[in-house]
Structures are given as C-alpha cells and as structure tokens.
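Below, each chain spelled out in residue letters.
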Amino acid sequence: MNREMTTTPFGRRPMSHAMLEAQAAARNCPAMQVADKWKLFRTITEARPALGVSDRSLAVLHALLSFHKPAELDSESNLVVFPSNRELSMRAHGMAPVTLRRHLAALVEAGLIIRRDSPNGKRYVRRDQEGDVKTAFGFDLSPLVARAGEIEQFAAAIRAEDLAKRLLRERISLHRRDIAKMIIFAEEQELDGPWSAISERFIPLARPLLRGFDRRGLDVLAAALDDLRWDVEKLLEIHANYRKSNASDVQNERHIQNQNPDSSSEFEPGIEKSQGANGEASWNDDSEPESTKEIDAGVTDQPIPSRNKLTPKAFPLGLILKACPDIVDYALRGIESWPDLVQTANLVRVTLGISPDAWNQAVETFGANEAAIVVAAILQKGEAITSPGGYLRSLTDKARAGSFSSGPLLMGLLKANQKQDEARAG
C-alpha cells in the first residue's frame with residue numbers, strides 16, 4: 001500500500017479529530033488486506049446506526065465505490081477515486097450539489113473516506129509513462145479496508161440487538177394475546193377471583209405500541225407481563241383444581257347411589273316408586289312433564305337472529321387498516337380477513353378496559369364487523385379518549401337511535417394520519 005502522509009483539506013475546511021483518526025487507521029492498515037467492496041458496503045449499511053451516517057450519505061458512498069473499477073478493495077493498491085461533482089451527482093441519483101457536499105463531509109467525519117485535496121482543490125490523477133497512477137487527488141477509500149473488521153463487529157452487534165428486540169416483541173405479543181384471552185374466558189365463565197384488578201394491571205401493559213420501545217423498555221415490559229401471566233395462570237389453575245375436586249365428589253356420590261338403589265328417592269326428589277301389577281318396581285318421574293319437552297322442542301326450532309351483520313361495502317378492510325393501523329400491532333400474524341379483525345378487536349377491548357357487556361351490546365347493535373371497526377378507531381384515537389368503555393357505550397346508544405355511523409369517524413382518522421405523514425415527510 002502507498003503510505004500517505006497526513007493531508008489537510010483545501011480552502012476554508014478545517015481539520016478535525018475524525019480526519020486524523022481516519023488517516024492514522026489507513027496508515028496502520030495491515031498489508032495484503034482485501035475486501036469485496038459490495039459485501040463491505042452491505043455490512044456498512046447494517047452498521048449505519050453505529051457509524052452515525054444517514055442513508056443519503058450511504059448513497060453517496062455507493063456512488064464513490066462505483067468509480068473504483070475492481071470488485072475488491074486492496075490495501076496494496078491506490079484507492080483514491082476522483083470523479084467530478086457532476087459525475088458523482090449523476091451516480092448519486094441526481095443529488096443536488098449542496099446536498100452532495102454535505103453528505104461527503106458526513107462520510108469524512110464518520111472516518112469512512114479521506115479527502116485528499118490537490119493544491120488548487122481540483123480532483124485529478126497524474127500517471128507515469130507506463131500509465132500507472134503516480135499521484136491522485138480526490139477521495140481515498142482506504143479507511144474502508146482498514147476498518148473492515150471493526151465495521152463487521154458493529155454490524156454483528158446491531159444484528160444481535162435487532163434479534164433480541166424481535167424475540168422480545170414476539171414474547172410480549174404472545175403474552176398480551178394469551179392474557180387477554182384468559183381474562184375473556186374468566187369473564188365469560190364468571191369465575192371467582194380478582195379479575196377486575198387483573199384487568200387494571202393489564203391495561204397499561206397492553207396499550208403501548210412496541211415499535212417505540214428500545215431494548216431496555218421491552219425488557220421491563222416483558223418482565224411485567226411475565227409476572228401478570230403467572231398470576232393469571234395460578235388463578236385459572238386454582239379454578240381447574242376446584243372443578244376437578246367437585247367432579248370427583250359428584251362421581252363418588254353417584255357411585256354410592258348405584259350401590260344402594262333402594263335409597264334413590266332420598267337423593268332424587270320428584271321420582272316416586274310404585275308397585276306394578278306383576279310385582280315389579282316402576283318409576284314415575286314427575287320432575288318434567290311431557291308438555292315441557294314439547295315447548296323446548298318448539299323453541300329450538302325458532303330461528304336465532306345473527307349478530308354478525310354485514311359491514312357496509314363502502315368500508316373495505318384495507319381502508320379500515322389504513323385509518324386504524326395501530327390495531328395491526330395487536331394481531332400476532334396480521335389481519336387479513338374480517339374474522340381476524342373481529343378476533344383482534346375482542347382482544348384489544350380487554351386492553352382498553354372495555355367490559356364484556358359493553359362489547360356484547362356493541363356487537364348486538366352494530367354487528368361484529370362494525371363493532372370491531374369502532375374498537376379499532378377507539379384504539380387509534382389513543383389518549384384522546386379517557387374512558388374507552390364509556391365512549392363505546394355512548395356510540396352504541398347513538399347507533400340505536402340512528403344518529404351514528406362509523407363512516408365519518410374513519411374519514412377523520414384517515415385525514416389525521418395523512419397530516420401526520422405529510423408533517424414527517426416535510
């Protein structure tokens with residue numbers, strides 16, 4: 001490798017510690033070190049957060065690498081590229097000159113390239129009689145080779161961190177789903193236990209969106225859900241053991257009855273024993289008259305009104321998810337159909353503190369699909385709604401009176417999301 005002396009920038013550009021460190025790293029690069037430039041660029045892209053450069057800066061680096069013709073960066077060869085600003089701008093997808101200069105400066109400060117300026121600040125190359133490069137002024141790529149091992153370590157650490165966060169998010173999503181379903185089961189079965197207190201503990205753990213959490217925040221949230229899940233499972237285990245004990249007692253009682261059939265009347269009131277004409281015993285069950293059975297049969301044949309009314313065709317599922325994207329974070333495997341949305345909304349209503357009665361009344365009034373839309377909208381509004389359960393009951397009452405439709409609610413959310421997107425883009 002050609003050993004270069006410390007160089008300073010042309011004109012008013014000052015020296016910096018980053019420039020000195022990059023040049024020292026290039027001088028200390030081991031001999032015969034080679035790196036595939038595009039594999040190295042991919043690694044740099046993965047390590048970008050640790051290197052402190054933007055994606056636009058990496059676009060400029062990609063353009064600079066394209067001016068180095070060989071596929072490999074060899075520490076023994078001259079790695080200075082000297083494109084004109086016009087050519088560099090073209091390969092950086094037409095980037096404006098001012099923006100281009102800003103990102104070149106960012107790459108220099110990140111220690112990824114060295115600016116080797118000529119006496120007049122121009123970029124050019126001088127060759128000998130054989131055509132080999134004698135002197136080149138431009139951007140030196142040698143820090144990329146010198147720091148290849150360090151950059152790989154950065155990338156590996158970021159990959160490990162991303163994997164750990166991904167696993168934590170999956171664990172939290174599973175906890176949220178399972179705890180919500182266990183609470184729903186306990187409510188439907190009217191099980192004894194402090195289920196109101198369990199729901200109050202669950203709501204603040206279930207509402208936050210996971211994409212805004214760092215590793216530490218995810219760890220804390222996962223640990224809190226671990227503790228809550230343990231308590232919920234213990235309550236359900238106690239209930240299961242109690243049921244098994246009761247079932248065992250009933251079986252023992254029936255066993256005793258079977259051993260002493262003459263005493264059955266003591267245990268089964270309403271059944272009388274009589275003596276038939278031939279001396280055999282016969283039993284008359286007065287507990288349920290034949291007319292009752294006929295009434296029950298008639299009721300069974302009655303048509304049961306369906307609660308799952310059709311959602312208006314004006315609201316396709318894609319529109320719902322565009323207006324209420326937050327609900328997707330509560331679905332373990334995405335929302336691809338209306339049943340997925342209804343199931344996820346039923347879980348979300350637990351996280352919002354909406355009671356089973358409020359949910360059932362909404363389903364009865366709106367139909368399951370539109371009730372799910374309303375719950376998704378309540379979730380999307382977030383802290384703007386202080387009492388989600390009371391808000392849902394209010395909308396349900398308005399819908400019964402014919403004064404509420406979910407259309408304006410969805411349109412309002414769509415416009416709000418659009419404004420947020422435009423603000424972020426600006």
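Residue positions are counted from 1 within each chain, in the order its sequence is given. With the structure being a predicted model, the display of local features is reserved for residues of pLDDT at least 70 and the display and counting of side-chain atom pairs for 80 or more, all residues being used for whole-chain, interface and lining totals. Only hydrogens and water are set aside; all other atoms, that is, all heavy atoms of the structure, feed into the side-chain values.

S.K.: Before we move on, could you go through the packing of helix α15 (residues 356–366) against helix α17 (residues 388–400) and cite the residues and values that matter?
M.R.: For helices, the axis comes from a line fit to the C-alpha atoms of the stretch in contact; other axes are also lines fit to C-alpha atoms, and the angle between any two N-to-C directions lies between 0 and 180 degrees. Secondary structure is summarised from DSSP: a helix means a run of H or I of at least four residues, a strand means a run of E of at least two, and numbering begins at the N terminus for each. As a packed pair, α15 and α17 sit with axes 9 Å apart at the nearest point and diverge in direction by 25°. Regarding the angle of α15 to α17, the classification is roughly parallel. Of the two possible hands of crossing, α15 and α17 adopt the one that is left-handed. In this structure, α15 uses Asp357, Ala358, Trp359, Gln361, Ala362, Thr365 and Phe366 to contact α17, whose residues at the interface are Gly389, Leu392, Arg393, Leu395, Thr396, Ala399 and Arg400. Here the nonpolar group is Ala, Val, Leu, Ile, Met, Phe, Trp, Tyr, Cys and Pro; Asp, Glu, Lys and Arg are the charged ones; every other residue, Gly included, is treated as polar. Taken together, the residues that form the contact of α15 with α17 break down as seven nonpolar, four polar and three charged. Note on terminology: angles under 35 degrees are roughly parallel, angles over 145 are roughly antiparallel, angles of 65 to 115 are roughly perpendicular, and the others are oblique. When the near helix sits turned anticlockwise from the far one by under a right angle, the crossing is termed left-handed; a clockwise turn instead gives a right-handed crossing. Contact criterion: two residues are considered in contact whenever any of their non-hydrogen atoms come within 4.5 Å of each other.

S.K.: Lay out helix α14 (residues 338–351) in plain terms, naming residues and giving numbers.
M.R.: Here the expected length of a helix is defined as 1.5 Å per residue gap, with one fewer gap than residues. Between its terminal C-alpha atoms α14 stretches 20 Å, which fits the 20 Å expected from 14 residues at 1.5 Å a residue. Of all 14 residues in α14, 10 are buried; the element is thus mostly enclosed. On its buried face, α14 sits against α8 (148–189), α9 (195–206), α13 (317–323), α15 and α16 (368–381). Among the residues trailing α14, Gly353 stands out with phi positive, at a value near 80°. With a 1.4 Å probe rolled over the protein chains alone, any residue whose accessible area is under 20% of its type maximum counts as buried; one over 50% counts as exposed, and the rest are partly exposed.

S.K.: Before we move on, could you go through the confidence of the model for the protein chain and cite the residues and values that matter?
M.R.: pLDDT: the predictor's confidence for each residue, scored from 0 to 100. Per-residue confidence for the protein chain averages 78 on the pLDDT scale, and 73% of its residues sit at or above 70. Ranking the helices and strands of the protein chain by mean pLDDT puts helix α2 (residues 37–46) first, with 94, and helix α12 (residues 290–300) last, with 35. A low-confidence stretch, residues 260–313 (pLDDT under 50), is modelled with 43 contacts involving residues beyond four sequence positions or located in other chains.

S.K.: How would you sum up the packing of α2 against helix α4 (residues 55–66)? Please name residues and give values.
M.R.: The interhelical angle for the contact between α2 and α4, taken along N-to-C directions, is 170°, at an axis separation of 11 Å. Overall, the two elements α2 and α4 adopt an arrangement that is roughly antiparallel. Two secondary-structure elements touch here, α2 through Lys37, Trp38, Phe41, Ile44 and Thr45 and α4 through Leu58, Leu61, His62, Leu65 and Ser66. Grouping the amino acids of the contact of α2 with α4 by side-chain chemistry returns six nonpolar, three polar and one charged.

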